[in-house]
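Remarks on the overall topology
As a plain string of letters, each chain reads:
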Amino acid sequence: QQQVRQSPQSLTVWEGETAILNCSYEDSTFDYFPWYHQFPGESPALLIAIRPVSNKKEDGRFTIFFNKREKKFSLHIADSQPGDSATYFCAASASNYQLIWGSGTKLIIKP
Amino acid sequence: GGIITQTPKFLIGQEGQKLTLKCQQNFNHDTMYWYRQDSGKGLRLIYYSITENDLQKGDLSEGYDASREKKSSFSLTVTSAQKNEMAVFLCASSILGGQNTLYFGAGTRLSVL
């Protein structure tokens, strides 16, 4: 089934903590998993992406952990900053032209 | 770098009206998309176009038409605006397909009276 489930719907963490956002999928043909972020009043923009040849992808404070067996992937934001407050969308693609989007996590970082 | 320009930025329509939204990109990207985003919600795919003159329906295509007149432009028509409808319509493009970065325009905000 072509669906991506995302949780939690909203998340509040204190500045400096690690925020963890979760996604899961069922379609084993998915082979590309990006995370996009969307700041209030702006459009989504690519943050980081992973392909299942690896189970971890890092870019500064942002890390994707990928578990192929459990069909789960998560975004960890280390040392969270107030400027990280945004809505984060996970997505998945199966070598075609469509991205299947999660429903989004609204992340609030409290100073 | 490139840019995606959506026009108009704001669109106010009447119930039953036919409304057209336009999107231009200068990335020279092959694939273009139209998404609808309701307030506080995720992105729902309306139409996409793999290349010039191609059209593919997304999950939300009912009530909409699209046209890819040339590689750089992709338009969306709301065939009959629904009363009290409010949403943001986002146009995006990518080099070739969903496994490359999608670049989004700033959106068209639709309100139907």
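Below, the structure is looked at part by part. (Residues numbered from 1 in each chain as written. Chains lettered and ligands numbered in written order. Predicted model: local features only at pLDDT ≥ 70, side-chain atom pairs only at ≥ 80, totals over all residues. Heavy atoms only, no water.)

Examining the side chain of Arg36(B)
All names here are of chain B.
- Along the chain, Arg36 turns up in strand β4 (residues 31-37).
- Residue classification places Arg36 among the buried residues on the basis of a relative accessible area of 11%.
- Within the structure, Arg36 has its side chain in polar contact with the side chain of Tyr64 (distance 2.9 Å).
- When neighbours within four sequence positions are excluded, Arg36 is seen to be in contact with Gly42, Leu43, Arg44, Ile46, Leu60, Tyr64, Glu85, Met86, Ala87, Val88 and Phe89. (Helix = DSSP H or I, 4+ residues; strand = E, 2+ residues; numbered from the N terminus. Buried < 20%, exposed > 50% of the residue type's maximum accessible area, 1.4 Å probe, protein only. Polar contact = N/O pair within 3.5 Å; in protein donor to acceptor, adjacent residues only side chain to side chain. Contact = heavy atoms within 4.5 Å.)

Description of unusual backbone geometry
- Of the consecutive residues Ser7(A) and Pro8(A), the connecting peptide bond is found in the cis state with omega at -10 degrees.
- Within the secondary structure, Pro8(A) is located in the loop between β1 (4-7) and β2 (10-14).
- Looking along the chain, the bond that leaves Thr7(B) and enters Pro8(B) is cis, with omega of -10 degrees.
- Residue Lys71(A) is not a glycine yet carries a positive backbone phi of 55 degrees.
- Within the fold, Lys71(A) resides in the loop between β7 (62-67) and β8 (72-77).
- By relative accessible area, Lys71(A) is classed as partly exposed at 25%.
- One non-glycine residue, Asp79(A), lies in the positive phi region at around 45 degrees.

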